[in-house]
Amino acid sequence: MTIHDSLRHEHWMQEALGMAKVAAELGEVPIGAIVVCDDVVVGRGFNRRESWRDGTAHAEVIALREASRRLGGWRLTECDLYVTLEPCPMCAGAIVLSRIRHVIYGATDAKGGAIESRVRLCEPGLWNHTPEITSGVLRDECANILRDFFRALRS
């Protein structure tokens, strides 16, 4: 990865962290996601499971839906997804089905991650589409917002 790629990834991950902060303010688990196409954000999302009472209202799914509506199609082959936490199995499936070009995430999810932690649903050769994966972008910031949220919840 070049320094230019690294700086670009950090820039967009900051945007995803902004979405995670909105989620935390609303009492939702602070996970944020954005979809970027040609250096423009075309989809934004943050967890809304509690407020929508919907187990599928994950940040990634919301961002993918918005991007599809905005771009006028479900194939997001020229788009990159930035998300603060490693996607779960449902979101990894949505990523593959949406044909996202590149997934960039911050913190790993030891309990439910489906990219590298628990299962590897985006491994090359498993499906008809394999996104590029970059992990660990602003890892500490992404992990800390979750840690702080759950610490406050418990106290």
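Rules used throughout
- Residue numbers restart at each chain and count upward from 1, following the sequence in its written direction.
- Where local features are concerned, this predicted model is filtered to residues with pLDDT of at least 70; where side-chain atom pairs are given and counted, the filter is 80 or more; whole-chain, interface and lining totals use all residues.
- Note that water and hydrogens are dropped before the side-chain values are worked out from all heavy atoms of the structure.
- UniProt positions are given in the numbering used here, feature names are shortened, and annotations may be inferred rather than shown by experiment.
- Burial status follows relative accessibility: with a 1.4 Å probe on protein chains alone, a residue under 20% of its type maximum counts as buried, one over 50% as exposed, and anything between as partly exposed.
- To qualify as a helix, a DSSP run of H or I must reach at least 4 residues; to qualify as a strand, a run of E must reach at least 2; elements of each kind are numbered from the N terminus.
- By the convention used here, strands pair only if DSSP detects at least 2 bridges between them.

The name given to the protein chain in an unreviewed UniProt entry is tRNA-specific adenosine deaminase, with the source organism recorded as Alicyclobacillus hesperidum. Comment text from UniProt for the protein chain, heading Sequence similarities (unreviewed entry), reads "Belongs to the cytidine and deoxycytidylate deaminase family. ADAT2 subfamily." Under the Catalytic activity (unreviewed entry) heading, UniProt states for the protein chain: "adenosine(34) in tRNA + H2O + H(+) = inosine(34) in tRNA + NH4(+)".

**Examining the pairing of strand S1 (residues 32-37)**
The element S1 is extensively covered by neighbouring structure, given that six of its six residues are classed as buried. Burial of the side chains of S1 extends over both faces: Gly32, Ile34 and Val36 are buried on one face and Ala33, Val35 and Cys37 on the other. Here S1 runs beside strand S2 (residues 40-46); their pairing, made up of six bridges, is antiparallel. Each bridged residue has a counterpart across the sheet, and for Gly32 the counterpart in S2 is Phe46. Taking the residues that link successive antiparallel strands as the turn, the S1-S2 hairpin has two residues, and the phi of Asp38 there is positive, at about 55°.

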